[in-house]
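# Structure at a glance
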Amino acid sequence: MEELFAFDEIPEPIELPGQLAFFPDKKPKQPTVPHKRSYPAMSQLTLNDPHLVSILLCCILLRFEGHLSERWLYEIVVSSGHISYFLYADAVGFLLDNGSVAEEQDSEQNTMYYLTKRGVACAESLRQYVPKPFRDQVMLTALRYVSRQRAIRELSMRYEPDDDGVSLCLSCKDGNHDMFSLRVHAPSKESAEMLGERILRNPAGFFGKIIDIAMNNEEEDFDLSDN
């Protein structure tokens, strides 16, 4: 048995003719990295077609129950920089001429734009022609602006200087009744104005949280272990 596994009897390797060996002809190609697609920034999106602007205006009016103040609509799309004045004027004139929008005066003699059945059909069936990024951007501006204007109507806000700063005075009204009043001291007018702007973002939510905290406020736990 030992003779079968003797080291001096291990046969030498025999070279076979035509033994295969792999030598690549060319170096492997480096993987190509796809170029990232560049998209325009939201602030660079613009509309230059009056017909698309007309559809967009109908969409805005439809979002707010089919009517909106002419001044508010102008502030949303023109003053914010989304659309030029000339495009806005052409689009509004087109909508008024073809009967998609009606113009009336409210009780306070403010010009109001009302969406007709034809305008509703335009907003519902043609809104996809306006690029969604632009629709989203303008609609977000509209929602923020209208929310702020309605909050200003329902909320009385003033800044009163005192000895060592400025006091922010808030009063929430329901008709002729004061529902909530709050006075907050701030070290400077800039701080008071910043606080006021934050509250104007969502006054109902702000006052609602205060009421909720008051309704769920519990008595402080007193430690009597060392009594």
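## A word on the confidence of the model for the chain
As a note on interpretation, predicted positions should not be read in detail where pLDDT is low. Residue-level pLDDT values for the chain average 81, and 78% of them are 70 or greater. Here residues 1-7 is modelled with pLDDT under 50, and outside its nearest four sequence neighbours on either side it reaches 1 contact, counting other chains as well.

## Comments concerning the packing of aromatic side chains
Scanning the entire structure with this criterion turns up 4 aromatic pairs. Taking 5.5 Å as the distance between ring centres and 80° as the angle between the ring planes, the aromatic pair formed by Y74 and Y88 counts as edge-to-face. With Y74 in helix α2 (residues 70-79) and Y88 in helix α3 (residues 85-97), the pair connects residues that are 14 residues apart, well separated along the chain. Y74 gets classed as partly exposed once you look at its relative accessible area, which sits at 26%. Aromatic side chains Y85 and F86 sit 5.6 Å apart centroid to centroid with 75° between the ring planes, which places their arrangement in the edge-to-face category. For F86, a relative accessible area of 62% puts it in the exposed group. Three or more aromatic residues joined by ring pairs form one cluster here, namely Y74, Y85, F86 and Y88.

## Overview of the layout of surface pockets
Gaps between atoms show up when a probe of the same size as a water molecule is rolled over them. In this structure, the largest pocket occupies an estimated 340 Å³ of space. Around the largest pocket sit 16 residues that line it, and S69, W72, D106, M112 and R153 are the ones nearest its centre. Broken down by secondary-structure element, the contributors of at least two residues to the lining of the largest pocket are β1 (67-69), α2, β3 (111-115) and α5 (132-154). Each residue belonging to the lining of the largest pocket can be placed in one class, and the counts come to 4 nonpolar, 5 polar and 7 charged. Roughly 170 Å³ of internal volume is contained in the second largest pocket. If you trace the second largest pocket, you find it lined by R144, S147, R148, E197, L200 and R201. Secondary-structure elements contributing two or more residues to the lining of the second largest pocket are α5 and α6 (189-201). Residues belonging to the lining of the second largest pocket are distributed by class as follows: 1 nonpolar, 1 polar and 4 charged.

## Things to note about the nonpolar core
Membership of the largest hydrophobic core comes to 35 residues, with the highest contact counts inside it found for L56, L57, I60, L68, V77, I83 and Y88. Listing elements by their share of this core, those giving two or more residues are α1 (50-63), α2, α3, β3, α4 (117-126) and α5. For this core, the element with the most residues is α1, which contributes 9 residues. Counting 8 residues, the second largest nonpolar core, distinct from the first, contains A151, L168, L200 and F207.

## Examining the sheet that holds β1
With antiparallel pairing, 3 strands are arranged side by side in an open sheet as β1-β3-β2. At either margin of the open sheet sits one strand with a lone partner, and together these are β1 and β2 (101-105). Averaged over neighbouring strand pairs, the angle between their axes works out to 25° when direction is ignored. Packed on one face of the sheet, α2 meets β1 and β3 and runs near 80° to β1.

## Focus: α3
Given a rise of 1.5 Å per residue, 13 residues ought to cover 18 Å, and the 18 Å separating the end C-alpha atoms of α3 matches this to within 8%. Buried residues of α3: L87, Y88, A91, V92 and L95, and no others. Considered in projection along α3, the buried side chains sweep an arc of 125° and stay on one side of the axis. Pointing more than 90 degrees away from the buried face of α3 are the exposed residues F86 and D97. Looking at the buried positions of α3, the neighbouring elements they touch are α1, α2, β2 and β3. Downstream of α3 by a residue or two, G99 has a phi angle that is positive, lying close to 80°.

## Quick word on the packing of α1 against α5
Taken N-terminus to C-terminus, the directions of α1 and α5 make an angle of 40°; their axes are 11 Å apart at the nearest point. Between α1 and α5, the angle falls in the class oblique. The chirality of how α1 crosses α5 is right-handed. For the pair α1 and α5, the contacting residues are L56, C59, I60 and R63 in the first and F134, R135, V138, M139, A142 and L143 in the second. In terms of residue class, the contact of α1 with α5 is built from 8 nonpolar, no polar and 2 charged.

What counts and what doesn't
- Residues numbered from 1 in each chain as written.
- Predicted model: local features only at pLDDT ≥ 70, side-chain atom pairs only at ≥ 80, totals over all residues.
- Heavy atoms only, no water.
- pLDDT = per-residue confidence, 0-100.
- Contact = heavy atoms within 4.5 Å.
- Phe/Tyr/Trp six-rings, centres within 6.5 Å; stacked < 30°, edge-to-face > 60°.
- Helix = DSSP H or I, 4+ residues; strand = E, 2+ residues; numbered from the N terminus.
- Buried < 20%, exposed > 50% of the residue type's maximum accessible area, 1.4 Å probe, protein only.
- 1 Å grid on protein atoms, 1.4 Å probe; cavity = no way out; pocket = protein on both sides within 12 Å on 5 of 7 lines; lining within 4 Å.
- Points joined across faces, edges and corners; volume = space filled by probe spheres on them.
- Nonpolar A, V, L, I, M, F, W, Y, C, P; charged D, E, K, R; others polar.
- Core = buried A, V, L, I, M, F, W, Y, C linked by side-chain atoms within 4.5 Å.
- Pairing = 2+ DSSP bridges.
- Axes fitted to C-alpha atoms, helices over the stretch in contact; angles between N-to-C directions.
- Expected span 1.5 Å × (residues − 1).
- Arc of directions from axis to C-beta.
- Parallel < 35°, antiparallel > 145°, perpendicular 65-115°, else oblique.
- Left-handed = near helix turned anticlockwise from the far one by under 90°.

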